[in-house]
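Residues per chain are reported as follows:
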Amino acid sequence: MKIVRVTATPLNVPLHIKLVGVDRKSTLSSCYVEVETDDGLIGHGLSGITEEDVIAQIVNGVAGPAIIGDDPLAHERIWDKLYWTLMPRGQTGYAAHALAEIDIALWDIKGKVANMPVYDLLGGKARAGAAVYRHADGKSLSEVEENVRKYMEQGLLYIRCQWGGYGGRIDQIKAPENAPEGAYFDPHGYARNTVKLFDHIRNAVGDDIELLHDVHERLAPIEAVRLSKNLEPYRLFFLEDALSPEAVDWFAVMRQQSATPIAMGELFTHPQEWLPLIQNRLIDFIRCHISTIGGITPAKKLAHLCEAFGIRTAWHGPGDVSPVGHAANLHIDLSSYNFGVQEWWGPSDLIKEVFPGTPELRGGYLYANDKPGLGIDIDEKLAAQYPPDNANAIRPKLWTTARTPDGGSWRP
Ligand code: MG
């Protein structure tokens, strides 16, 4: 069997994110990758990042031509070839997404050749469904509580709580004159309010629900350590991205100070970033974005590595992961002994129409269909109605210009 065609097409599918408390109309900006074999089998890959035109150029110009004529079932060989073609000496970024989409499409093909779902090829089902968490936000404590209760009524077992989004809600920012525009937040106020939030929510809804929180790197390292200590009484399932990738040495300090479980990894791109945290048992959940680390092939290896160290998986699954990416997450979840929880975004009816076979959420658990491959298809005619339009990209420009009260920039 040979690969005869690799093509990438940028897409912008309207994405109606249905979170309780948030009703956001946006677009899923993606690069749709198709890999075709000489037997006429087609594998689907779809990235989840806004710069879909760049990824399409990498696939169509470099990655695709490099593997024409190769055996599509020889995953390890193709992955390594593309890694060295696209990312000599460990450079990552958009090239990693291009590699990931081809890798995901090849797993889809392998499932179709074997007439088996990908989770069976990855070891078979370790569980019947994957528990998910969803995101409850609100402008006030009572609004967050109301939204947590709505998810509980829907059967959710894990809920991530934020008061006023990432960085919290601060009514008064005392900025200097001529401060530039940006997404302002106050790290100190945010840290104080987050403790108030969990005191309120845990007391209001009791112990029978798992609560999570995402710091989104909005604190100086020592403040993050203090927050993890202060949140200990509220028994979080995990505290996410308490530190930035540049500050990971502080996890050793945090570990000595607090038993709040730690999730980390959505910004990681390379094994050298996660290895020290895993081998020193400094985190409890690995939550890489599988498209950023190169697809299903490296993600499954990472899951196995973590299993040996008692670390569970919680793959990144926000609204800018595509339905194909979510399906790939789910197949790894179902087949991993050390699965923890899966982030889930709630696809709109249009997304389900464009991507038939999108995983189904029922009563707090996500289910895969049992079709060969990833079990997900793309209605190309419908998708073609949504050409790329970067002006409507899902990531608003303001979002990436996080600022402290004095107008200084901060990692978003
Ligand atoms: Mg996060």
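Provided above is the structure to which this section pertains.
Source: prediction; values computed, not measured.

K.L.:
Looking at this structure, I do not really get the coordination of the magnesium ion. What am I missing?
P.N.:
By definition of the ideal shapes, four donors in a tetrahedron about a metal sit 109.5 degrees apart, and six donors in an octahedron sit 90 or 180 degrees apart. Within the protein, the atoms that donate to the magnesium ion are Asp214 (OD), Glu240 (OE) and Glu266 (OE), at distances of 2.0 to 2.4 Å. Mapped onto the polypeptide sequence, the residues donating to the magnesium ion form the spacing pattern D-x25-E-x25-E. Here Glu240, found in strand E8 (residues 238–240), pairs with Glu266, found in the loop between strand E9 (262–264) and helix H9 (271–279); they are 26 residues apart in sequence, far enough to count as distant. Here the two residues Glu240 and Glu266 agree in accessibility, since each one is buried.

K.L.:
How should I be thinking about the pattern of salt bridges in this particular structure?
P.N.:
One side chain can pair with another of opposite charge once the charged atoms of both are near each other. Enumeration over the complete set of coordinates arrives at 19 salt bridges. Between Arg255 and Asp284 there is a salt bridge, with its nearest N and O atoms 2.7 Å apart. Of this pair, Arg255 sits in helix H8 (residues 251–257) while Asp284 sits in the loop between H9 and strand E10 (285–286), and the two are 29 residues apart along the sequence. We classify Arg255 as partly exposed; its relative accessible area is 25%. In this structure, Glu343 and Arg287 form a salt bridge, with 2.9 Å as the shortest nitrogen-oxygen distance. With a gap of 56 residues between them, Glu343 in strand E12 (residues 342–343) and Arg287 in the loop between E10 and helix H10 (290–293) connect regions that are remote in the sequence.

K.L.:
What is the right way to read helix H6 (residues 187–205) from this model?
P.N.:
Given 3.6 residues to a turn, an α-helix orients residues that are three or four positions apart in the same direction. With 19 residues, H6 extends 27 Å from end C-alpha to end C-alpha; this agrees with the ideal 27 Å at 1.5 Å per step. Three or more residues of H6 are buried, namely Pro187, Gly189, Tyr190, Ala191, Asn193, Thr194, Val195, Leu197, Phe198, Ile201, Arg202 and Val205. Here the buried face of H6 lies against helix H5 (141–153), strand E5 (158–161), strand E7 (210–214) and helix H7 (221–230). The backbone nitrogen of His188 has a side-chain oxygen 3.0 Å away, supplied by the residue at the start of H6, namely Asp186. Trailing H6 by a residue or two, Gly206 shows a phi angle of about 80°, which is positive.

K.L.:
I would appreciate a short explanation of the pairing of strand E4 (residues 130–136) in the present structure.
P.N.:
Remark: a regular strand shows side chains that alternate across the two faces of the sheet. Within E4, seven of the seven residues are buried, which leaves the element mostly enclosed by the surrounding structure. Burial of the side chains of E4 extends over both faces: Ala130, Val132, Arg134 and Ala136 are buried on one face and Ala131, Tyr133 and His135 on the other. Note that E4 and strand E14 (residues 365–367) share two bridges and pair antiparallel. By the bridge assignment for E14, Ala130 is matched with Leu366. Of the pairings in the sheet, the one linking E4 to E12 comprises two bridges and is parallel in character. Bridge pairing in E12 links Val132 to Gln342.

How each quantity is defined
- Residues numbered from 1 in each chain as written.
- Predicted model: local features only at pLDDT ≥ 70, side-chain atom pairs only at ≥ 80, totals over all residues.
- Heavy atoms only, no water.
- Donors = N, O, S within 2.8 Å, 3.2 Å for Na, K, Ca; no water.
- Helix = DSSP H or I, 4+ residues; strand = E, 2+ residues; numbered from the N terminus.
- Buried < 20%, exposed > 50% of the residue type's maximum accessible area, 1.4 Å probe, protein only.
- Salt bridge = Lys/Arg side-chain N within 4 Å of Asp/Glu carboxyl O.
- Expected span 1.5 Å × (residues − 1).
- Contact = heavy atoms within 4.5 Å.
- Polar contact = N/O pair within 3.5 Å; in protein donor to acceptor, adjacent residues only side chain to side chain.
- Pairing = 2+ DSSP bridges.

That is the geometry; function is a separate question.
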